[in-house]
Structure formats: structure tokens, C-alpha cells
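# Structural features, examined
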Amino acid sequence: MSKSITVIGTPISPFVRKVLITLELKDMEFTCVPQVPFFPTPEFQAVSPLGRIPVLKHGDFILPDSSAIVQYLDELHPMPSVFPADLQDRAQARWFEEYADEWLGRSVVFNLFFQKVVGPLLLKQPPDEKLIKQALEVDIPNSLDYLEGVVPAQGYMFGDISIADLAVTGMFLNARFAEWEIDAVRWPKFTAYLEYVYAHPIVAKYNALANKLRALPHTEHQDTVNAFIAGS
């Protein structure tokens, strides 16, 4: 591919990991700038009007938003697709991505991960205990009740691994970063599904990278990401 691809955003973010895993599933070459959105540079503000990650740069083309990026990459490099071939399955996969990005992103990432990890450690802000309680006692259990009824007893949601699997399971890794663990007795099917997706070699690699980065000072993230991609 003649034009270079760069993903702007830290792989600690589930939204960024979704894009990076998509790129590697498609065997596309890329670089990654592990930008943290809370400390925006003028260059980042220029390409991300909402101040969010990830942002894709493909030559002179710039595209924010993980869902828009994944759709673009799938049309740019159709095989293997991260969307199911069947029309109705493909529509359902888009729904699960939307559910993950909007609902799980709010309840898991903002109300739990941000409040327990990002705010206190990175921004030196006290956590909002009401939001954490709401996430742990209401929102996440309700989500798991729903997901327990829709994930397959075996395998991925739609045959091959798809955007549905990446979007949904990615959020729960960040919940683990906030010291949350799923109740395998209450939600046995989703627990097994989660571990099955996490065992995919590419998913496992990027989950391990995220786990490694969160233990390092931000000044070491770029070199760590460069070494990771070079060794992939």
C-alpha cells in the first residue's frame, strides 16, 4: 500500500485497540502514536475536533472515530472482513459495536475505568463513588444479563471473529484494569465467550500491550509501541 497508515491514540483505550487489531487481522502495515487525549497537543487538536481517540491518518486523509475508521479499513482492504458476510449478521454486528461503544463505553470505561484509574492516577482527580457504584451494581450487571443471553455457547458471534467480538470484549479488559472481575457463576456463558475471544492470538497480543503500557510512564510509551509493532 503506497500511502502510510498511522493510528493516533494509546492502545490502553479499547477504541484504539479495536482499530489496531483490525489492521493486524488484515495484515496491513501501520504505525501508532500513543496519544493520551487528556494532554492534547496542538497537532492532535487539529485532527480530532472532539478530542477523542483514535484518529486515522492515511496519507493526507484524516478520519476520527473508531467505528468510522473500521468501516473505512474494511472497504479499503476487504479481505478478511471484520464484518459478517450475511446481511442480517452484518447488521447485528454493527448493533453490537454501537452497543459497546455507546453503552459499555459509558458504563465500563467512563464510570468505572476512568473513575478508578485515569482520574486518580493520571489527572489527580478524586473518583466519583456514585458513578462507580452505579456501574458496579446496576449498569454492568444489566449489560451482562443481556449479553449472557445473546453470545454463543461456543465460538465467536458470527462464525469468524468480527467487529462485534472486538468491540464488546474490548471494554471488559479495561474493567479488569479497574480491578473488576466477572462473576463466572452468574454469567458462565459470557465468561467463556470473553476468554475465547481473548485467546485469539492477535487479540491476546494487543491486550498484553495495553497491560504493559499502563505500568510504564507515558514517556516510554512511544518506544514501547514502536518495538511492539516492529516485532509483530
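Burial along strand β1 (residues 5-8) is two-sided: I5 and V7 facing one way and T6 and I8 facing the other are all buried. In this sheet, strand β3 (residues 55-58) lies alongside β1 in antiparallel orientation, the contact comprising four bridges. Its bridge partner being in β3, I5 is matched across the sheet by H58. Sheet analysis places β1 next to strand β2 (residues 31-33), joined by three bridges and oriented parallel. Note on β2: the bridge partner recorded for T6 is T31. Once the chain exits β1 it traverses helix α1 (residues 14-25) before rejoining the sheet at β2, and the crossover so formed is right-handed.

Helix α6 (residues 163-177) packs onto helix α4 (residues 87-122) with a crossing angle of 10° between their chain directions and a minimal axis gap of 9 Å. Here α6 runs roughly parallel to α4, going by the angle between their axes. Here A93, F96, E97, A100, D101, L104, G105, V108, V109, L112, F113 and V117 of α4 come into contact with α6, specifically with I163, A164, A167, V168, M171, F172, N174, A175 and F177. Per-class residue counts for the contact of α4 with α6 are 17 nonpolar, two polar and two charged.

Inspection of the sheet shows β3 paired to strand β4 (residues 61-64) by four bridges, in the antiparallel sense. Looking at the pairing, V55 lines up with P64 of β4. Following β3, the chain reverses through two residues before pairing antiparallel with β4; G59 in that reversal takes a positive phi of roughly 65°.

Within the element layout of this structure, T10 appears in the loop between β1 and α1. Using a relative accessible area of 7% as the deciding quantity, one classes T10 as buried. Once residues within four sequence positions are removed from consideration, T10 is found in contact with V16, V33, P34, Q35, V36, I53 and L213.

The strands that make up a sheet are held in pairs by hydrogen bonds between backbone atoms, and each pair lies either parallel or antiparallel. The strand order across the open sheet built from four strands is β2-β1-β3-β4, with neighbouring strands paired in mixed fashion. Each having just a single partner strand, β2 and β4 make up the two edges of the open sheet. Strand-to-strand twist of the sheet, defined as the mean angle between neighbouring strand axes without regard to direction, takes the value 20°. Its contacts with the sheet put α1 on β1 and β2, and the angle it makes with β1 is roughly 160°.

Parameters and conventions
- Throughout, residues of each chain are indexed from 1 in the direction in which the sequence is written.
- Selection of residues for local features in this predicted model requires a pLDDT of at least 70, selection of side-chain atom pairs for listing and counting requires 80 or more, and totals for whole chains, interfaces and linings are taken over all residues.
- Only hydrogens and water are removed before side-chain values are computed, so all heavy atoms of the structure are retained for them.
- Burial classes: relative accessible area under 20% of the type maximum marks a residue as buried, over 50% as exposed, and values in between as partly exposed (1.4 Å probe, protein chains only).
- Secondary structure elements follow DSSP: runs of H or I no shorter than four residues count as helices, runs of E no shorter than two count as strands, and numbering proceeds from the N terminus.
- Strand pairing is assigned whenever DSSP detects at least two bridges linking the two strands.
- A right-handed crossover is one whose linking path, passing over the helix from the first strand to the second, runs clockwise when the strands point away from the viewer.
- Inter-axis angles, ranging from 0 to 180 degrees, are taken between N-to-C directions of lines fitted to C-alpha atoms, where helices are fitted over the stretch in contact.
- Between 65 and 115 degrees an angle is taken as roughly perpendicular, under 35 as roughly parallel, over 145 as roughly antiparallel, and anywhere else as oblique.
- The contact rule is simple, with two residues in contact once any of their heavy atoms fall within 4.5 Å.
- Under the scheme applied here, ten amino acids are nonpolar (Ala, Val, Leu, Ile, Met, Phe, Trp, Tyr, Cys and Pro), four are charged (Asp, Glu, Lys and Arg), and all others, including Gly, are polar.

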